[in-house]
Amino acid sequence: MRPQLKQVQTFRDDFTYSNSPEAIARFPFPFPEDRYRYSVNLEPATRGEPGSVYEHWFDVDEHYLSEVEERRIVLEQDPGRCRVLPHMHTAEWDTLEMIMTHFAQDYPHLFALERHGDKWTWENRALGIRDSFTFGDADTLPCEPFEYITRQAQGDFNILDQRDADLYMDGGMITCPADWSLSFDLGMSFKQWHGPVPLAHEIGVFDRALKYLLALPVDRPVRRLNWTMTMHPRMDTSPEMYHRWGADRASISAANAGELAHLRVELQLIVRLPRSNGLLFGIRTYLLSLRDLASNPAWARRMHSVLRTLPPEIADYKGMSRTRELMVAWLEATGLTD
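Residues numbered from 1 in each chain as written. Predicted model: local features only at pLDDT ≥ 70, side-chain atom pairs only at ≥ 80, totals over all residues. Heavy atoms only, no water.

(A) Molecular detail of the overall build of the protein. When helices and strands are counted, the protein shows 13 helices and 10 strands. Here the protein has a C-alpha radius of gyration of 20 Å; the compact-globule value for 338 residues is 20 Å, and the two agree. A burial count over the protein gives 57% of its 338 residues as buried. As displayed, the protein has an accessible area near 15,000 Å², and 50% of this comes from carbon and sulfur atoms. When the 37 positive and 49 negative side-chain charges of the protein are each reduced to one mean point, those points stand 4 Å apart. (Helix = DSSP H or I, 4+ residues; strand = E, 2+ residues; numbered from the N terminus. Rg over C-alpha atoms; globule rule 2.2 N^0.38 Å. Buried < 20%, exposed > 50% of the residue type's maximum accessible area, 1.4 Å probe, protein only. Areas by Shrake-Rupley, 256 points an atom, 1.4 Å probe, with all protein chains shown as cover. Lys, Arg positive; Asp, Glu negative; His and termini not counted. Charge placed at Lys NZ, Arg CZ, Asp CG, Glu CD.)

Right, dumping it as structure tokens:
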């Protein structure tokens, strides 16, 4: 299915972002049960149904132009949102090749890649880009290879180095994070950057996840869903920008929660990089207002149950200690939760 790209919408200031009925229908609703509990929840990233967010490794949807523009704005204000440690140079080229190859294969109406030995030509028709370069020679690109290709992709990306039986966050393009900072986490080990997560450490979630990922083979990617709630359709909820979004939580009420509160779901893809033996960790973010979510009564009932029964530690970690009751009240007022 060919995604029909919308004109640029905003994830800040006037917040013109909206979802079409098609985007709502394909939204990756993250709750398989009426109660939420931590688990490893990794599954093979096999090809999903045509048109679904699981059809391809890298999902391109109607918000492509908007998200690329949002990334441009963030990087213009803070170039440090893209940082890669020097020893990850091979992983940068791994990432470029992987994304270009899959984009050209899965969305040929938008992207094309020509390869003649190490002489490559990349065309991004959606953005009007056509560049010829020498693979492996960063001087032939407008910027470093990791930044070059992730500026043209939706979602955030980390590149993880595998050494000493651990994984280290040694590079990233992070412009739409859910309340975490690349500048703070860069260079951290797997358990260090997951340190703030409550409850999961005690039940061994990260021990099992790390063991699984260390053994991940090439061409056998895995995926998982993560979620939180965001006020407004705001992509950049980084600690660096807390002064812009922190007050959003104070503006929610039981009357406006349907428009203001957004379920924020990350479709995370983890794939082995063949040359560097590192891992590419993609974090593709989707936003859905409670009002749009309630257009699916089954989702509304389950969302209500999940929010109502969420353990206090998790609600606090996800920033919902003061807003959860208001979202529950709005969902109850729809009459769909009985």
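(B) How the structure looks around the pairing of strand β7 (residues 166-173). Burial analysis of β7 places 8 of its 8 residues in the buried class, which makes it a mostly covered element. By the bridge criterion, 3 bridges tie strand β2 (residues 82-84) to β7 in an arrangement that is antiparallel. Across the sheet, the residue bridging to Arg 83 is Gly 172, located in β7. Pairing analysis gives 6 bridges linking strand β6 (residues 156-163) to β7, with the strands arranged antiparallel. Each residue of the ladder has a partner; that of Asn 158, found in β7, is Gly 172. (Pairing = 2+ DSSP bridges.)

(C) Examining the packing of aromatic side chains more closely. Applying the stated criterion across every chain, the model contains 20 aromatic pairs. For the ring pair Phe 31 and Trp 227, a centre distance of 4.9 Å and an interplane angle of 80° mean the geometry is edge-to-face. Remark: Trp 227 occurs in strand β8 (residues 222-231) and Phe 31 occurs in the loop between α1 (21-25) and β1 (43-44); sequence separation between them is 196 residues. With respect to class, Phe 31 is no different from Trp 227; both count as buried. Seen from their ring centres, Phe 103 and Phe 111 are 4.5 Å apart, and the 25° between their planes marks the pair as stacked. No difference in accessibility class separates Phe 103 from Phe 111, as the two residues are buried. Members of the aromatic cluster, connected to one another through ring pairs, are Phe 58, Tyr 64, Phe 103, Tyr 107, Phe 111, Trp 122 and Phe 157. Its guanidinium or amino end placed over the ring of Tyr 286, Arg 284 lies 4.4 Å from that ring's centre, counting from NZ or CZ. Sitting over the ring of Trp 227, Lys 318 keeps its end group 4.6 Å from the ring centre. (Phe/Tyr/Trp six-rings, centres within 6.5 Å; stacked < 30°, edge-to-face > 60°. Lys NZ or Arg CZ within 6 Å of the ring centre and 35° of its normal.)

(D) Spotlight on the nonpolar core. Ranked by internal contacts, the top residues of the largest apolar core, which has 59 residues, are Trp 227, Met 229, Leu 263, Met 303 and Met 327. Contact partners of Met 303, with chain neighbours within four places excluded, come to Phe 29, Phe 31, Trp 227, Met 229, Leu 263, Leu 290, Leu 293 and Leu 331. Of all hydrophobic cores here, the second largest spans 38 residues; its members include Met 98, Trp 122, Phe 133 and Ile 159. (Core = buried A, V, L, I, M, F, W, Y, C linked by side-chain atoms within 4.5 Å. Contact = heavy atoms within 4.5 Å.)

(E) Quick look at unusual backbone geometry. We note that Asp 219 has phi near 65°; this positive angle belongs to a residue other than glycine. With respect to the element layout, Asp 219 can be found in the loop between α7 (205-214) and β8. Positive phi, normally seen in glycine, also occurs at His 232, with a value near 70°. If you trace the backbone, His 232 turns up in the loop between β8 and α8 (242-245).

(F) Main features of the sheet that holds strand β4 (residues 119-124). Sheet architecture is open: 3 strands sit in the order β3-β4-β5, paired in antiparallel fashion. Each edge of the open sheet carries a strand with a single partner, namely β3 (111-116) and β5 (129-134). If you compare each strand with its neighbour and ignore which way they point, the axes differ by 10° on average. Here β3 runs beside β4; their pairing, made up of 6 bridges, is antiparallel. Of the residues in β4, the one forming a bridge with Arg 115 is Trp 120. (Axes fitted to C-alpha atoms, helices over the stretch in contact; angles between N-to-C directions.)

(G) Summary view of α7. Listed in full, the buried residues belonging to α7 are Val 205, Phe 206, Ala 209, Leu 210 and Leu 213. Down the axis of α7, the buried set is contained in an arc of 120°. They therefore lie on one face. (Arc of directions from axis to C-beta.)

(H) Region of interest: the side chain of Thr 228. Following the sequence through the fold, Thr 228 ends up in strand β8. A distance of 3.3 Å separates the side chain of Thr 228 from the backbone oxygen of Lys 318, its partner in a polar contact. (Polar contact = N/O pair within 3.5 Å; in protein donor to acceptor, adjacent residues only side chain to side chain.)

(I) Focus on the environment of Gly 48. For Gly 48, the location among the structural elements is in the loop between β1 and α2 (64-77). The partly exposed category is assigned to Gly 48, whose relative accessible area is 22%.

(J) Summary view of the pattern of salt bridges. Considering all chains together, one arrives at 26 salt bridges under this definition. Between Asp 94 and Arg 275 there is a salt bridge; the shortest N-O distance is 3.5 Å. Residue Asp 94 is found in helix α3 (residues 89-106), and its partner Arg 275 is found in the loop between β9 (261-272) and β10 (279-289); the two are separated by 181 residues along the sequence. The salt bridge involving Arg 151 is made with Glu 147; its shortest N-O contact spans 2.8 Å. Among the residues examined, Arg 151 registers a relative accessible area of 30% and is labelled partly exposed. When salt bridges with common partners are traced through the structure, they connect Arg 26, Asp 59, Asp 61, Glu 67 and Arg 284 into a single cluster. (Salt bridge = Lys/Arg side-chain N within 4 Å of Asp/Glu carboxyl O.)

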